[in-house]
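# Observations on chain architecture
Chain residues, written in single-letter form:
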Amino acid sequence: MVGLFEYFQLWDVLLEMNLSQTKDVHIWCLDGSGQFSSKLAYRAFFNGAIPFEHWSRLWKSWAPPKCKVFLWLAIRNWCWTADRLAKRGLPHPSKCPLCDQEDEDVQHLLTTCVLPREFWFRILAPLGPT
Ligand SMILES: [Zn+2]
């Protein structure tokens, strides 16, 4: 039910409208061309967002292709870890096979599990604090 307040709000909006006899056209306001495209809509969706673009850093890196593919899968959370296996009803370990303490997912396997943390420490420690 429209109340009196909404009626006057609509009245105020309509007072600023200029009606003409020309045919209405749709104009995409988020681009100078005024033409809509799904590409422009996709860009507009992220307008104001800070681009991280980890994918471009990954694919432009000097890492071997199999490492790039693995990292791409890990970033997309497409590795066949226990959480993904469980979602599909497939056999999976109940806990992380490395530490047997927490549920296994790609984030845990690569960063928070005690064994990978030790691995990363040994790899990165010689580089010193940055
Ligand atoms: Zn673990």
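Everything discussed here concerns the structure shown above.
Reading guide: rules and limits
Residues numbered from 1 in each chain as written. Predicted model: local features only at pLDDT ≥ 70, side-chain atom pairs only at ≥ 80, totals over all residues. Heavy atoms only, no water. Salt bridge = Lys/Arg side-chain N within 4 Å of Asp/Glu carboxyl O. Helix = DSSP H or I, 4+ residues; strand = E, 2+ residues; numbered from the N terminus. Buried < 20%, exposed > 50% of the residue type's maximum accessible area, 1.4 Å probe, protein only. Donors = N, O, S within 2.8 Å, 3.2 Å for Na, K, Ca; no water. Tetrahedral: all angles 85-135°; square planar, octahedral: opposite > 155°, others 65-115°. Lys, Arg positive; Asp, Glu negative; His and termini not counted. Contact = heavy atoms within 4.5 Å.

### Brief notes about the pattern of salt bridges
- Summed over all chains, the structure comprises two salt bridges.
- For E118, the salt bridge identified is with R122, shortest N-O distance 2.9 Å. With E118 and R122 both in helix 7 (residues 114-124) and four residues apart, the pair spans about one turn of that helix.
- By relative accessible area, R122 is classed as exposed at 60%.

### Things to note about the coordination of the zinc ion
- The protein atoms that coordinate the zinc ion are C96 (SG), C99 (SG), H108 (NE2) and C113 (SG), at distances of 2.0 to 2.3 Å.
- Between the four donor atoms coordinating the zinc ion, the angles at the centre fall across 102 to 114°, so the site counts as tetrahedral.
- Counting the intervening residues between successive donors of the zinc ion yields the motif C-x2-C-x8-H-x4-C.
- Relative accessible area serves as the criterion here: at 3%, H108 is assigned to the buried category.

### Looking at the side chain of R84
- Relative to the assigned elements, R84 resides in helix 5 (residues 82-87).
- Despite being buried, R84 has no salt bridge partner; D83 is the closest side chain of opposite charge, sitting 6.3 Å away.
- Discounting chain neighbours no more than four positions away, the residues touching R84 are N77, W78 and C79.

### Description of the side chain of H108
- Assignment of secondary structure puts H108 in helix 6 (residues 106-112).
- Once residues lying within four places of it in the same chain are set aside, the contact partners of H108 are C96, C99, E102, D103 and C113.

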